[in-house]
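# Chains, contacts and geometry: an overview
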Amino acid sequence: MDYTLLFVQVLNGLQLGLLLFLVASGLTLVFGILDFVNLAHGSIYMFGAFIGASLTLLLGNFLLAVVIAVPLTGVLGYGIERLLARNLYDKDHLDHVLGSFGLILVLDTAAHMIWGPAGISVPLPAWLDGQVELFAGAVIPTYRLLIIAVGLAVAGGLLWLVNYTKLGMLIRAGASNRTMVSALGIDIQTLFALVFALGAMLAGLAGMLIAPITTASIGMGGQIIITTFVVIIIGGIGSMKGAFIGAIIIGLIDTLGRSFLDQLFELFMSESAAETAAPAVSAMMIYILMAAVLAVRPQGLFPPKVR
Amino acid sequence: MGKITKIGWVTAIGMVALAVLPPFFLMTGQAFYLDLATRLVILAIAAVSLNLILGFGGMVSFGHAAFIGLGAYAVGIPAHHATWGGFDLIASYNGLLHLALAIGISALFALITGAISLRTKGVYFIMITMAFGQMAFFLFQSLDVYNGDDGLTIDVRSELPWINLDEPLQLYGLAYVSLVVAMLLTRMIVNSRFGMVLQGAKGNDERMVTLGFNTYFYRLTAYVISGAMCGYSGFLLGNFTTFISPDMMHWTRSGELMFMVILGGASTMFGPVLGSSVFILVEELFSHFTVFWHLPFGLMLIGVVLFIRGGLMGLFKGKRG
Amino acid sequence: MTPMLQVANLRKSFGGVVATDDVNLDVIKGEIHGIIGPNGAGKTTLISQLSGALKPDAGAITLAGKDITHTPAYKRARLGITRSFQITSLVMEMTVLDNIALAVQAQDGTSFRFVKPAHKISHIREKATEYLRQVGLRRRANDLTSSLSHGEHRQMEIALALASEAELMLLDEPMAGLGPEESKNLTEFLLKLKGSRTILLIEHDMDAVFALADRISVLVYGRVIATGPADEIRNNRDVRNAYLGEE
């Protein structure tokens, strides 16, 4: 086994995991506090990528673009909460799912109308575009290190928010319980809108960060949302800690599976069989993991206490 | 009893229209509308199957398109091998074999994924069924033998006794009769003692368990029946389009299927048929006017969720409850 | 006489709160065993553990000599335990008769049938109608359950407990929310059942409990502080202090 390659792939897995966490944390926040299932969360991620991309091309500065684009996705989230989500809180989860499914069609088509059918690639500033050699042979793109750093910083901030603030207390209490929230003297409508906006900003940030690697494209939201679901199912819906651990696990397993499973399979089957089986199994691996976790713990690894 | 209700009339008129109009279109040289009707009727079978668990069993399955895909690949894979060689065990154009595979594999997939998914409730169930559906999607996407993402073209349709699926009208006839059978089967199951338990568990699981019902087992049984029925619709769809790809299983397809059921009216017999009819026709209409037809379509979807309780069939309901 | 139901050192806590604190309890075949105690004493939690809806943290539950501590709820129902609910638990979107028919069907063991319409299985419908007649709801048979009054829902709870033909009925405050007249009728009804069924009766209505129960256990803060014949409990000083005195 090539340990340098393994190390590089672990870092890649970590980077994917942290991006997943950014998306999953918003989803789990919104569900934990608002009891709202937002399928369109992935579309907000996509919008983040497009807005970031446009601003980068406009301003010629990626970082400045991100700084401006994050609040813009927050505004988008705020708008969605005001116009749609708010009217669905009193309905059941089936209605949430269908309503936000409709929203996906609207947002994806809107993106298509604004930015066209092709994706937009995002140029990086020179100092981020290079590579770093961490040790002999282990060459990592500088930008991936940046994603890891940003991801860890945001994760730290969110875990602090959840564990040491009043908002966090509401989340941990499973504060879809509205009477309790209002008993604490909090304006629920504002709180809900702000939480929704925060979730949108997190998803948008993830989209902006990934765009320089994959380009901003219409289909990206639909792709990430399912993986995000797997993350929060494994972690326990509504749990920030669960979202973090679930995201890292999924990020690592998915990345390592895709790069090493064929070698693993070749140990006990023919090369051609391994070449067929490995992609198939690695495509299903995170779902098999999810099934295994659920078989033991139907509510995920860290189920929220009160529901 | 005796007197036909409004819903009864709507059902009768709808089913007669579906029986009469498409052949009429064909005779008047508008073959396109027969194609449209065939797709509509096949998807209606899938919607009816979903309604069995969603409407009557309260199981919000968001991965039902996977069964359509499995059913379609049960036609495509044996036919592919029959044409190009390999996998002698199943390489065949025999429609009965395809049918057995479509139903058998869908039922098995439903049994395995259902056994795990049904341990959970509510949002978890929605997300897990969605994830398992995506699992099937990614599996077929990764299978280069069957062209992965690009999909398979079926060169020879399933060969069945008495019926020639290459004849559009015969294919439509089979699909229509299948839809009627699926509806009657669903009605039979729903009204049976099994169906009473299923609906009881939807309404109040705690009470049903207290009465001594292992509700998990009843739900799982319904899930498997529904999956098999949906797999059958995939068998028809594969033979209709003669082109199958993982895209048939994508979660957005499952979402559309779910929307058809809700739009028409869940837990009614004709609702899913009405829903898929309206869905397909509106889709067709919108896509004529603009490439951006998904936008008004999405808005319509949101509107239905916000304003139409009980779906379109709810509009025909008398006062009750 | 060996007790029909034996509860040994049953324990259940939620977070830091101990809801069932080493409860020991015997229910003898044929008796009506009352359980009284102030609100929050853990009465419903106890019933939920006996019916299998909740898993105890420790202790054992034995039914007719058989350990059922880890038996799932639906199997306990088949072994002859049924419960009623303090907060009415019915299938609201079905008719009254359908609700009861489901209970009969469960006893009949023919629920895994797919062909014949349930409405045409006459022996089940007739039996269910008979139970409705017994509780006085026959004329409501074909109404939607959600359209019934609270009192009628309580009657349905009793009809369901009867229809499940369980030897042991766990009744969780069957009189809850009933008017004096309705309570009296229900008391008389349960009195008629006495001897033919074993009943564990949780109730706040003291008149009803003392009229019905052979023996009474007093549950306070999750502990059984006294068990004995009804008269003895009425005169027990601890009980008066802890509970009855507050009335």
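What you see is a predicted model; the values in this text were computed from it and never measured.

### Structural notes on the overall build of chain B
- Within chain B, the regular secondary structure consists of 13 helices and two strands.
- Computed over C-alpha atoms, the radius of gyration of chain B comes to 19 Å, within 12% of the 20 Å expected from 2.2 N^0.38 for 321 residues, which places it in the range of a compact globule.
- The C-alpha extent of chain B, read off along each of the three principal axes, is 55 × 45 × 40 Å.
- Within chain B, the proportion of its 321 residues that are buried is 56%.
- Sequence separation of at least 24 residues holds for 77% of the intrachain contacts in chain B that already meet a minimum separation of 6.

### A look at the interface of chain B and chain A
- Across the boundary between the two partners, chain B contributes 38 residues, which contact 36 residues of chain A.
- Breaking the side of chain B that touches chain A down by element, the ones donating at least two residues are α5 (122-142), α10 (251-264) and α12 (294-307) of chain B.
- Take the side of chain B that touches chain A: its biggest share by element is 15 residues, from α5 of chain B.
- Grouping the constituent residues of the side of chain B that touches chain A by class yields 28 nonpolar, nine polar and one charged.

### Some thoughts on the interface of chain B and chain C
- With 21 residues of chain B at the contact, the number on the chain C side is 31 residues.
- Contributing elements (two or more residues each) for the side of chain B that touches chain C: α6 (168-191), α7 (193-203) and α8 (205-210) of chain B.
- In the side of chain B that touches chain C, the residues fall into eight nonpolar, ten polar and three charged.

### Description of the nonpolar core
- Membership of the largest hydrophobic core comes to 274 residues, with the highest contact counts inside it found for Val230 and Ile233 of chain A, Ala131 of chain B together with Ile100 and Ala159 of chain C.
- The leading source of residues in this core is helix α9 (residues 188-214) of chain A, at 16 residues.
- Structurally, this core is a two-domain feature, drawing no fewer than three residues from each of domain 1 (1-80 + 166-247) and domain 2 (92-162) of chain C.
- Ignoring anything within four residues of it in the chain, the contact list for isoleucine 100 of chain C reads Ala128, Tyr131, Leu132, Ala159, Leu160 and Ala163 of chain C.

### Describing the sheet that holds strand β2 (residues 17-27) of chain C
Residue and element names in this part refer to chain C.
- Strand order in the open sheet formed by four strands is β2-β1-β4-β5, with antiparallel pairing between adjacent strands. Single-partner strands in this sheet number two, and they are β2 and β5 (66-67).
- Across the sheet, helix α1 (residues 43-51) lies against β1 (5-14), β2 and β4 (58-63), angled at about 60 degrees from β2, the strand it touches most.

### Some thoughts on the confidence of the model for chain A
- When pLDDT is averaged across chain A, the result is 89; 93% of the residues are at 70 or more.
- Of all secondary-structure elements in chain A, the lowest mean pLDDT belongs to helix α8 (residues 178-183) of chain A, at 63, while helix α2 (residues 41-59) of chain A reaches the highest, 96.

### Observations regarding the arrangement of the chains
- The interface with the most contacts, out of two pairs of chains in contact, is the one formed by chains A and B.
- Structurally, chain A and chain C remain out of contact, their C-alpha atoms never closer than 9 Å.

The rules we used
Residues numbered from 1 in each chain as written. Chains lettered and ligands numbered in written order. Predicted model: local features only at pLDDT ≥ 70, side-chain atom pairs only at ≥ 80, totals over all residues. Helix = DSSP H or I, 4+ residues; strand = E, 2+ residues; numbered from the N terminus. Rg over C-alpha atoms; globule rule 2.2 N^0.38 Å. Buried ≥ 20, exposed ≤ 12 C-beta atoms within 10 Å, placed from the backbone. Contact = placed C-beta atoms within 7 Å. Nonpolar A, V, L, I, M, F, W, Y, C, P; charged D, E, K, R; others polar. Core = buried A, V, L, I, M, F, W, Y, C linked by C-beta atoms within 7 Å. Domains from an automatic or database assignment. Pairing = 2+ DSSP bridges. Axes fitted to C-alpha atoms, helices over the stretch in contact; angles between N-to-C directions. pLDDT = per-residue confidence, 0-100.

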